[in-house]
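Now for the letters of each chain:
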Amino acid sequence: MQQYSSLSDQNSQIDVTPKLLRTIEQLRAQLWLESSLNKLQSRLNDCLLSACNTVPQAGAAQAEILQTVVNEINSAVNSSNLVLADCAVGIALFQPQETVATVCYISRSPSPNSQPLFLEVLTAEKKLLLRLQEVIKLEDLQQLENQQPPSAWRLADDSGNVMGWLIIAATPLSSDRESLIKSQAQLRSQLMARSAKYCTTALVQLRHILSWEQRYQQLSNSNQELERTNQLKNQFLANTSHEIRTPLSSIIGFTHLLLAPGYEPTKERQQEYLNIIQSSGKHLLALINDILDLSKIEANQLEVQWEKVDVPVLCSNVLALVKEKAANKGLKLCLELEPDITTLVADPLRLKQMLLNLLFNALKFTSKGSVGLQVASKGVCVHFTVWDTGSGISQEDQIQLFQPYFQIAKAVADGVEGTGLGLAVTQKLAQIHGGSVKVESEVDRGSRFTLVLPLKQEVGVGGDEEAGKDEGVGEAKFSSFPLPFTPSSSVEILLVENDLPNADLMQIYLRKLGYQVTWVKNAAEMWETLTELEPVVILMDVYLADGNGLNLVQQLREHPQYRTIPVIVQTAMAMKGDRETCLAAGVDDYISKPIDLPLLASLVAKYSKAPNSVDEE
């Protein structure tokens, strides 16, 4: 009995041994699986960390992750002490809307003599070669994914879109134990399935990292641009303040001198001081106009009126405007115009502005010799070259010449007056015309500025009428010469003006020309005066203390007795669209402040039915 029991115990121990061995094998396989996956995860984390630190290209970072996955799986399988089949791992990438995927990554072969491995698509009874650039149909990949055990695992992003497939090709396991084959297949499937998840997670994280890096770079660029803009703004304000204060100093200073008690300068001195005040005022207005032009160009709001321009006539007109300045400095003016150049398509007002900027600069920096304008045709372009025999420009200064507010240090030291905006505006106007401005110069050997413009523009030619309106206001030049006519003393003018100094200025000037001027400072006084007065022309300020001048014009047009009275608005509204706004309100004409007195006289003469000779002026 005891012997039987003893034998029974021995048999029990013998029966337990195979189960224990199987348990140990399973444990060892599980430890291998977790160790391999941990190593893969560690390597993927290294890739992501590298992407965070180095900001790589998106394609290079993704390639590193995918190649790491196939290499780590291959290394884990071939370094295992487990009896696993010989296998190769690859990744086939898939593009949306396509029906095939391409093998772009593959693991290293375990030995140089290893034969290529095939993917067995059992349901289709065919084999697919696993090698680089192999094209696999989508339907075959889906079959590989669905067969048992699977040979493909999809890689999808966080939105569920398929990016590709992780693929394994293995040789059949040679073993008589079906359970071993089954367990090894399961182990391999677990490794591949979880590796696919790790790969997918890493790719999604990489996309987030790259997106954050891109956003960070955009924010960094935006911050740099804001900082640059802030610096430019500060520089703009500083330069503008300086440029405005300089002529204001002369205006205020000489005015104070003339008003000082006990100081009685000679008539010649008074004339000299007044000339300085007028010159400083013109300089201040030119600065404001340049700033407005530059701001309109930068905001892409500058209106360009394309027309066929008569080049010889325009060039003659431009030289006529600078003739007096050249004569005062004893300089000779020259014009060289090729006879075959007749017309080009451009904005005549802006073309004249560009040429005047270049000519005034040439005259400014030339003390003796000549200044000239040369016009030549070269291919599909016209070259307007303004040359001089002046002081010239150094190479260092030429680099910054077209920057806003830049002025040559020597010129500033010599007291040469300028805003530093003329060339910047000229260059930008040339670019709007599809052209450019070039400079050639040597110190003490003169300069050549060439404005290159295309003969034709792609845009249509605009109407002459609108261009004429713009030109009439935009090109008004200040003049100290009164118009040569004496209106009848019966011509009544009603001046509606809120500002006392401007009102005094216009009254004195128009009365000197022979007009009867009645001044009122607000809307209420205007309506009261109209009951007693029948003005031939009404001069209307836009901003009044008790109303808007444009609204008053509309109200006047609604009264039959006032409907036909011409109304000219005088206003500080000088931005884009202001003229059109005034005309749309029903006014007959427009003049911007500061008031150009000769232009004011011309407009009043025109609408007060003055003689034809006046209209011509």
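Structure: see above.
Since the model is a prediction, treat every value here as computed from it, not as a measurement.

Visitor: Looking at this structure, I do not really get the overall build of the protein chain. What am I missing?
Guide: Check the secondary structure of the protein chain and you find 17 helices and 21 strands. Each of the 617 residues in the protein chain was classed as buried or not, and the buried ones make up 42%. Per element, the accessible surface of the protein chain, about 34,600 Å² overall, is 52% carbon and sulfur.

Visitor: Even after reading the chapter, I still don't get the packing of helix α6 (residues 311–328) against helix α7 (residues 348–364), so can you show me in this structure?
Guide: Each pair of packed helices can be described by the angle between their axes along with the distance between the axes. At a closest axis distance of 10 Å, the pairing of α6 and α7 adopts a crossing angle of 30°. Regarding α6 and α7, the two cross each other, and that crossing is right-handed. Along the contact surface, α6 presents Leu314, Asn317, Val318, Leu319, Leu321, Val322, Lys325 and Ala326, while α7 presents Pro348, Leu351, Lys352, Leu355, Leu356, Leu359, Phe360 and Leu363. When the residues that make up the contact of α6 with α7 are grouped by side-chain class, the tally is 13 nonpolar, 1 polar and 2 charged.

Visitor: Honestly, the sheet that holds strand β6 (residues 152–156) in this entry has me stumped. Any pointers?
Guide: Strand pairing in a sheet is mediated by backbone hydrogen bonds. Such pairs are either parallel or antiparallel. Pairing within the open sheet is antiparallel, and its 5 strands lie in the order β5-β2-β1-β7-β6. The outermost strands of the open sheet, each flanked by one partner alone, are β5 (135–137) and β6. In this sheet, adjacent strand axes meet at a mean angle of 35° when their direction is disregarded. Judged from the 5 bridges that link them, β6 and strand β7 (residues 162–170) form a sheet pairing that is antiparallel. By the bridge assignment, alanine 156 is partnered in β7 with valine 162. Contacts from helix α2 (residues 58–78) reach β1 (87–94), β2 (100–106), β6 and β7, with the element oriented near 160° to β1. Strands β1, β2, β5, β6 and β7 of the sheet are contacted by helix α3 (residues 138–146), whose axis makes an angle of about 75° with β5.

Visitor: I would appreciate a short explanation of the sheet that holds strand β15 (residues 492–496) in the present structure.
Guide: Read from one edge to the other, the open sheet built from 5 strands follows the order β16-β15-β17-β20-β21, with strand pairing classed as parallel. Only two strands of the sheet have a single partner each, and these edge strands are β16 (516–520) and β21 (589–592). In this sheet, adjacent strand axes meet at a mean angle of 20° when their direction is disregarded. Bridge analysis of strand β17 (residues 537–541) against strand β20 (residues 567–571) gives 4 bridges, and the strand direction is parallel. Bridge assignment links leucine 539 to a residue of β20, and that residue is isoleucine 568. Packed onto the sheet, helix α16 (residues 597–607) meets β15, β17, β20 and β21 and runs at close to 165° relative to β21.

Visitor: Would you explain α3 in this entry?
Guide: Each α-helix turn comprises 3.6 residues. Residues three or four places apart therefore point the same way. Turning to α3, its buried residues number three or more, namely Asp140, Leu141 and Leu144. Here the buried residues of α3 occupy an arc of 100° about the axis, which is enough to place them on one side.

Visitor: Sorry, what's going on with the environment of asparagine 74 here?
Guide: Looking at where asparagine 74 falls in the secondary structure, it is placed in helix α2. Sequence separation of asparagine 74 and serine 107 is 33 residues, and the distance between their C-alpha atoms is 6.0 Å. Side-chain polar atoms of asparagine 74 contact the side chain of serine 107, separated by 3.4 Å.

Visitor: Even after reading the chapter, I still don't get unusual backbone geometry, so can you show me in this structure?
Guide: Across the chain, the bulk of peptide bonds are trans and the bulk of non-glycine residues have phi less than zero. Here the bond from glutamine 148 into proline 149 is cis, since omega is -10°, no more than 30 degrees from zero. Among the secondary structure elements, proline 149 is positioned in the loop between α3 and β6. In this model, lysine 593 is joined to proline 594 through a cis peptide bond whose omega is 0°. Examined against the element boundaries, proline 594 turns out to sit in the loop between β21 and α16. The backbone phi angle of glutamine 133 is positive, close to 70°, even though this residue is not glycine.

Visitor: Explain the pattern of salt bridges to me, please; I cannot follow it from the model alone.
Guide: Opposite charge on two side chains makes pairing possible when the charged atoms of those side chains draw close. Scanning the entire structure with this criterion turns up 11 salt bridges. The salt bridge partner of glutamate 72 is arginine 43, with a shortest N-O separation of 2.8 Å. Of the two residues, glutamate 72 sits in helix α2 while arginine 43 sits in helix α1 (residues 2–54), which places them 29 residues apart along the sequence. Judged by its relative accessible area of 35%, arginine 43 is partly exposed. Connected through salt bridges with shared partners, the residues Glu497, Asp541 and Lys593 form a single ionic network.

Visitor: Is there a simple way to think about the pairing of β20 in this case?
Guide: Looking along a regular strand, one sees side chains alternate from face to face of the sheet. When you tally the buried positions in β20, you get 5 out of 5 residues, the bulk of the element. Side-chain alternation along β20 places Val567, Val569 and Thr571 on one buried face and Ile568 and Gln570 on a second face that is also buried. When β20 meets β21, the two strands line up parallel, connected through 4 bridges. Paired with valine 569 across the bridge in β21 is tyrosine 590.

Visitor: Can you walk me through the nonpolar core in this structure?
Guide: Side chains of a nonpolar character, in soluble globular proteins, are inclined to be buried together. With 44 residues, the main nonpolar core has Leu351, Phe384, Phe449 and Leu451 as its most contacted residues. Take this core: its biggest share by element is 8 residues, from α7. If we skip the residues at most four places from it in the chain, phenylalanine 449 touches Leu358, Phe384, Thr385, Val386, Ile393, Leu401, Phe402, Leu423, Val437, Lys438 and Val439. Core analysis: the next-biggest nonpolar cluster, separate from the first, contains 36 residues, Ala29, Trp32, Leu44 and Val70 among them.

Visitor: Got a minute to help me understand the packing of helix α12 (residues 500–512) against α16 in this structure?
Guide: Where α12 meets α16, the closest approach of the two axes is 11 Å, and the angle between their N-to-C directions is 60°. Our pair here, α12 against α16, has a crossing hand that is right-handed. Within the contact between the two elements, α12 uses Leu505, Met506, Tyr509 and Leu510 and α16 uses Leu597, Pro598, Leu600, Ala601 and Val604. The residue inventory of the contact of α12 with α16, partitioned by class, reads 9 nonpolar, no polar and no charged.

Calculation criteria
The numbering scheme is per chain: residues are counted from 1 as the chain's sequence reads. Given that the model is predicted, a residue must reach a pLDDT of at least 70 before its local features are reported, and side-chain atom pairs must reach 80 or more before they are shown or counted; all residues, however, enter totals for whole chains, interfaces and linings. Side-chain numbers here rest on the full set of heavy atoms in the structure, without hydrogens or water. Strands are runs of DSSP state E lasting at least two residues, helices are runs of H or I lasting at least four, and both sets are numbered from the N terminus onward. Burial classification: accessible surface area is computed with a 1.4 Å probe over protein chains only, and a residue below 20% of its type maximum counts as buried, one above 50% as exposed, and the rest as partly exposed. Surface accessibility in these figures is a Shrake-Rupley result with a 1.4 Å probe; residues are shielded only by whichever protein chains are displayed. As a rule, the C-alpha atoms of each element are fitted with a line to give its axis, helices using only the stretch in contact, and angles between N-to-C directions run from 0 to 180 degrees. Take the far helix as your reference; a near helix turned counterclockwise from it by less than a right angle gives a left-handed crossing, and one turned clockwise gives a right-handed crossing. A contact between two residues is defined here by any heavy atoms of the two lying within 4.5 Å. When residues are sorted by character, Ala, Val, Leu, Ile, Met, Phe, Trp, Tyr, Cys and Pro go into the nonpolar class, Asp, Glu, Lys and Arg into the charged class, and all the rest, Gly among them, into the polar class. When DSSP finds at least two bridges between two strands, those strands are taken to pair. In this description, one arc is meant: the one made by directions from the helix axis to the C-beta atoms. Polar contacts here mean pairs of N or O atoms no more than 3.5 Å apart (in protein, one a potential hydrogen donor and the other a potential acceptor; neighbouring residues in sequence count only if both atoms are side-chain atoms). Salt bridge criterion: a side-chain nitrogen from Lys or Arg within 4 Å of a carboxyl oxygen from Asp or Glu. Put simply, buried Ala, Val, Leu, Ile, Met, Phe, Trp, Tyr and Cys residues joined by side-chain atoms within 4.5 Å make one nonpolar core.

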